[in-house]
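# Inside the fold
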Amino acid sequence: MQAGFALLETGSVRAKNTKNILLKNTLDACLGALVWWLVGFSFAYGGPYEQDDRNVFIGGGTNFAMGDHAQINGSFYATWMFQWAFAATAGTIVSGAVAERCDFRAYLVYTCFITGFTYPVVVHWGWSSEGWLSAFRAPDRIVGGNGLIDFAGSGIVHMVGGGAALTAAFFLGPRIGRFVDGKCVEMPGHSTVLSALGTFILWFGWYGFNPCSTLAIEYMDTAQRVAVTTTLSAAAGGAFTLSLHVLLGNPPDVAPALNGILAGLVSITAACPVVQPWAAVIIGMLAAPVYIASSLALKRLEIDDPLDAAPVHFFCGMWGVLAVGLFADKELTAGAYGTYLEGYGVFMGGDGVQLGVQMLAVVVIGAWSCTTSALMFAALKYANILRVSIDDEVTGLDMTHHGGSAYTFSKEGTQSKVLVGNSYQVNPAPEGESPTVKLSAP
């Protein structure tokens, strides 16, 4: 997944910020692993608790840095590794929304905060055996129905990361030149090839997230169905997003199809084991208007999200959580979660209780992610370390923060040709001296 995010985000930014976005994706994996080991996993799954001493809000502090050897048994290491991948994803989502203008110091703070606190708390709510939203808190579920049905994280992973992304984009403000006289100025990325390759790698990676969330080979019958529903929703999302894009008067382009695929993937992630294949197609189709409408709304509000991270992950994540309450099949839900046998989709004959639980989850996860992120980004802005200077942003973060451009396109004699934004600039050097490059805004 990190490889996919790295290529997608790199291709979607201008060439002058390539190193910056690649370094962030690299450190999302590195810092994510260390923070998840140090505190994140314990906040998410720490325990164990006695029946009357279970913390419904946050995990216990008994296994920080894997220090409680009594808990390290059985499948502990496999669980830790699998959940680290989810944690890194939640943090990585934000880097696309803050691309090309976020101070690297702020990045270090927010990725540790999200991986170490914001995300683990929601994991504890929804996926632990103690959390107040959890479907796995048997037999005394708190919220009714079957608890929150979010199989691989439409809400728990993608809404958390997407909510943080939306909040970050709001506090950072738009890139220089993005909005002029109330109109949105396109700032295309420098490599559609990288973006497309990254999207296909992510699609492939989703088969590790969704089918493998069955967690055991004995559930292969469920895993194979999950792979099919995941595929169909992704395909429908890509096809229908591109169709809507063209119907709105735009030429057929690659970027809408790529984001549509991701929108379909995010939207099916909660419901993938409990819906029939035809329902997966509908979920992916409806992800298209959710994505396009939210993307247009953010532009109308002059909130600059370079990769549409919030529309894809936050808003489509919302839709994915709600889709469970609409389309969950009775038999499939009973097989995967069922103790409350009427807790399935209202369109399939359910009593509406499960839809209510899913709606509650959307509200509380969105509120938690956006509120905690707002407090963090407000503090970073107050400390004056949230955004780079105007000169650094115009020049490009690779040159000003990371030791030079990621690309050397050509060098002939005493001239150097460097890609700046979306244009070339050639500057001759006096004989006997090293060539210099004068950088300007694209």
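Residues numbered from 1 in each chain as written. Predicted model: local features only at pLDDT ≥ 70, side-chain atom pairs only at ≥ 80, totals over all residues. Heavy atoms only, no water.

## Quick look at the overall build of the protein chain
For the protein chain, the helix and strand inventory stands at 14 helices and five strands. Considered along the principal axes of its C-alpha atoms, the protein chain spans approximately 80 × 55 × 40 Å. When the accessible surface of the protein chain is totalled, it reaches about 17,900 Å², and 65% of it is carbon and sulfur. When the 21 positive and 31 negative side-chain charges of the protein chain are each reduced to one mean point, those points stand 9 Å apart. (Helix = DSSP H or I, 4+ residues; strand = E, 2+ residues; numbered from the N terminus. Areas by Shrake-Rupley, 256 points an atom, 1.4 Å probe, with all protein chains shown as cover. Lys, Arg positive; Asp, Glu negative; His and termini not counted. Charge placed at Lys NZ, Arg CZ, Asp CG, Glu CD.)

## Remarks on helix α4 (residues 104–127)
Helix length check: α4 (24 residues) gives 32 Å between terminal C-alpha atoms against 34 Å at 1.5 Å per residue, within 8%. By the largest-angle criterion, Ile114 marks the main kink of α4, which is about 45°. With 18 of 24 residues buried, α4 lies mostly within the body of the structure. Capping the start of α4, Asp103 holds a side-chain oxygen 2.8 Å from the backbone nitrogen of Arg105, two or three residues further along. (Expected span 1.5 Å × (residues − 1). Bend = angle between axes of the 7 residues up to and from the residue. Buried < 20%, exposed > 50% of the residue type's maximum accessible area, 1.4 Å probe, protein only. Polar contact = N/O pair within 3.5 Å; in protein donor to acceptor, adjacent residues only side chain to side chain.)

## Digging into the nonpolar core
Judged by nonpolar contacts, the single largest core of 104 residues is most densely connected at Tyr110, Tyr119, Ile365 and Phe377. Every residue in contact with Phe377, bar those within four places of it in the chain, is listed here: Val94, Tyr110, Ala164, Thr167, Ala168, Phe171 and Leu386. (Core = buried A, V, L, I, M, F, W, Y, C linked by side-chain atoms within 4.5 Å. Contact = heavy atoms within 4.5 Å.)

## Some details on the environment of His402
With respect to the helices and strands, His402 occurs in the loop between α14 (397–401) and β3 (410–412). Accessibility expressed as a relative area gives 16% for His402, which makes it buried. Between the C-alpha atom of His402 and that of Ser129, which follows or precedes it by 273 residues, the distance is 44 Å. His402 has contacts with Lys19, Asn20, Leu23, Phe104 and Leu397, leaving out every residue within four places of it along the chain.

## Section: the packing of aromatic side chains
According to the stated counting rule, one finds 24 aromatic pairs in the structure shown. Note on Phe41 and Phe76: the rings are 5.3 Å apart at their centroids and 80° apart in plane angle, and the pair reads as edge-to-face. Taken together, the positions of Phe41 in helix α2 (residues 18–45) and Phe76 in helix α3 (residues 76–97) put the pair 35 residues apart, joining distant regions of the chain. Here the two residues Phe41 and Phe76 agree in accessibility, since each one is buried. Ring plane angle 90° and centroid distance 5.5 Å describe the contact between Phe170 and Phe171, whose orientation is recorded as edge-to-face. Here Phe171 falls in the buried class, since its relative accessible area comes to 18%. In textbook terms, an aromatic cluster arises when at least three aromatic residues are bridged by ring pairs, as seen for Trp36, Phe41, Tyr45, Phe76, Tyr77 and Tyr119. In this structure, Arg178 packs its charged tip against the face of Phe179, placed 5.9 Å from the ring centre. (Phe/Tyr/Trp six-rings, centres within 6.5 Å; stacked < 30°, edge-to-face > 60°. Lys NZ or Arg CZ within 6 Å of the ring centre and 35° of its normal.)

## Remarks on the confidence of the model for the protein chain
Residues with a pLDDT of 70 or more make up 91% of the protein chain, whose mean pLDDT is 90. The model gives residues 412–442 a pLDDT under 50, and that stretch makes 53 contacts with residues more than four places away or in other chains. (pLDDT = per-residue confidence, 0-100.)

## With respect to unusual backbone geometry
Although it is not a glycine, Ala65 sits at a positive phi angle of roughly 55°. Look at Ala65 and you get partly exposed, because its relative accessible area is 24%.

## Here we look at the state of the cysteines
Within this structure, the stated rule accounts for zero disulfides. Just so you know, Cys272 is unpaired, no disulfide at all, and the nearest cysteine sulfur is the one on Cys212, 11 Å from it. No disulfide involves Cys316; its sulfur sits 15 Å from that of Cys370, the nearest cysteine. Judged by relative accessible area, Cys316 falls into the buried class, the value being 0%. (Disulfide = S-S within 2.5 Å.)

## Some words on the packing of helix α9 (residues 277–300) against helix α10 (residues 309–327)
Across the interface, α9 lies against α10 with an axial gap of 9 Å and an inter-helix angle of 145°. Relative to α10, the crossing made by α9 is right-handed. Of the residues in α10, those in contact with Trp278, Ala279, Ile282, Ile283, Leu286, Ala287, Val290, Tyr291, Ser294, Ser295 and Leu298 of α9 are Ala310, Pro311, Val312, Phe315, Cys316, Trp319, Ala323 and Phe327. Partitioning the contact of α9 with α10 into residue classes produces 17 nonpolar, two polar and no charged. (Axes fitted to C-alpha atoms, helices over the stretch in contact; angles between N-to-C directions. Left-handed = near helix turned anticlockwise from the far one by under 90°. Nonpolar A, V, L, I, M, F, W, Y, C, P; charged D, E, K, R; others polar.)

## Some details on the side chain of Gln83
If you trace the backbone, Gln83 turns up in helix α3. On the basis of relative accessible area, Gln83 is assigned to the buried category, the value being 8%. Side-chain polar atoms of Gln83 contact the side chain of Tyr45, separated by 3.4 Å. Leaving out residues up to four positions away in the same chain, Gln83 has contacts with Trp36, Tyr45, Tyr119 and Trp127.

## Notes on helix α12 (residues 353–382)
Over its 30 residues, α12 extends 43 Å from the first C-alpha to the last, a length consistent with the 44 Å expected when each residue adds 1.5 Å. Within two residues after α12, Asn384 carries a phi angle of roughly 65°, on the positive side.

## Remarks on the pattern of salt bridges
Here the structure, examined in full by the defined rule, presents seven salt bridges. Between Glu100 and Arg14 there is a salt bridge whose closest N-O contact spans 3.0 Å. A residue pair is termed long-range when its members are at least 10 positions apart, and Glu100 in the loop between α3 and α4 and Arg14 in the loop between α1 (2–12) and α2 qualify at 86 residues. The exposure classification of Glu100 matches that of Arg14, with both residues buried. (Salt bridge = Lys/Arg side-chain N within 4 Å of Asp/Glu carboxyl O.)

## Some points on the packing of helix α7 (residues 220–247) against helix α8 (residues 254–268)
At a minimum axis separation of 7 Å, α7 and α8 run at an interaxial angle of 140°. Here α8 runs oblique to α7, going by the angle between their axes. The interaxial crossing formed by α7 with α8 has right-handed handedness. Facing Thr229, Thr230, Ser233, Ala234, Gly237, Gly238, Thr241, Leu242 and His245 of α7, the residues of α8 in contact are Pro256, Ala257, Gly260, Ile261, Gly264, Leu265 and Ile268. Each residue belonging to the contact of α7 with α8 can be placed in one class, and the counts come to seven nonpolar, nine polar and no charged. (Parallel < 35°, antiparallel > 145°, perpendicular 65-115°, else oblique.)

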